[in-house]
Structures are given as structure tokens and as C-alpha cells.
Amino acid sequence: NNERVITIVKKLIQDGADVIINGCTVVAAYFSEIEVPEELKEIPILDSNVCAVKTLEMLVDIQKTLGIKVSRKVYYQKPQEKEREAFERARIVYGLPPLD
């Protein structure tokens, strides 16, 4: 609901937020299409969909220009390596063959 998002954003501004990133991809896309009330125009409200794409672009540019890749030691581990059994079950659910 639009009014709920506006109420939450107003509260965040009162609490001192200087930028809002709408984390729900569906709401963010919808919210970016509406007329934002004047009192909410004092800080940027970013669409998480656009933020994700721009972050991906940045990572690709860093790899192309500097050769730096995303570390896969902790947070960005490949699911097929970190949780192989769950990954294989997901492939079966979607009708994909096993990896090996």
C-alpha cells in the first residue's frame, strides 16, 4: 500500500535518514512510478532494482579494468559449492540435470 510506504518513509526521515533504499523490489518499482509527496522530496528515495543493476555494473567494470573479482570466501560462495545437496535438489525441482 502506497500510504503505508509514505508513512514509513516519513518516520525514517524524522529519525534522521538522509537516503532511503526501498528494499522490496515490487514496491520499489511501483513507488518510483507515483508522484512523491513534496515533504518526501528532501532526500533521495532509491529503487532497489536500479541499485542492484548499478552494483552489478560496477563489479563488472572493476573486474574488467582492474582484474579484481568478487571474493567467494564467505558471503558470495557459489551455492553449488556451499550447499551442494540443496543446489542439486533445486535443479531437479526445475527440471535441470544434475551437475555431474
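Starting afresh in each chain, residues are numbered from 1 along the sequence in its written order. Thresholds applied to this predicted model are a pLDDT of at least 70 for local features of residues and 80 or more for the giving and counting of side-chain atom pairs; totals over whole chains, interfaces and linings are not thresholded and use all residues. Hydrogens and waters are ignored; side-chain quantities use all the structure's heavy atoms.

A few points about helix α1 (residues 2–14)
Alright, step 1. Runs of H or I in DSSP of at least four residues are treated as helices and runs of E of at least two as strands, each being numbered from the N terminus. Given a helix with a known number of residues, its expected span is that number minus one, times 1.5 Å. The terminal C-alpha atoms of α1, which comprises 13 residues, lie 19 Å apart, in line with the 18 Å expected from a rise of 1.5 Å per residue.
Alright, step 2. For each residue, the accessible area found with a 1.4 Å probe, counting protein chains only, is set against the maximum for its type, and the residue is called buried under 20%, exposed over 50%, and partly exposed in between. Inspection of α1 places Asn2, Val5, Ile6, Val9 and Ile13 among the buried residues, and these make up the whole buried set. In a view along the axis of α1, the buried residues occupy a sector of 100°, so they form one face of it. More than 90 degrees from the buried face of α1, the exposed residues found are Glu3, Arg4, Thr7 and Gln14.
Alright, step 3. Just beyond α1, the residue with positive phi is Gly16, at close to 105°. The arc in question is formed by the directions pointing from the helix axis toward the C-beta atoms.

Considerations on the side chain of Ser48
Alright, step 1. Position of Ser48 relative to the elements: it lies in helix α3 (residues 48–66).
Alright, step 2. Taking relative accessible area as the criterion, Ser48 reaches 13% and is therefore assigned buried.
Alright, step 3. Setting aside chain neighbours within four positions, we find Ser48 in contact with Ile21, Asn22, Gly23, Cys24, Thr25 and Ala28. Whether two residues touch is decided by their heavy atoms; if any such pair falls within 4.5 Å, the residues are in contact.

Details of α3
Alright, step 1. Under the 1.5 Å per step criterion, the end-to-end length of α3 is 26 Å for 19 residues, consistent within 8% with the ideal 27 Å.
Alright, step 2. Sitting at the head of α3, Asp47 places a side-chain oxygen 2.8 Å from the backbone nitrogen of Asn49.
Alright, step 3. Backbone geometry just after α3 places Gly67 at a positive phi near 80°. Here a polar contact is taken to be a pair of N or O atoms separated by no more than 3.5 Å, where protein atoms must pair a possible hydrogen donor with a possible acceptor and residues adjacent in sequence count only if both atoms sit in side chains.

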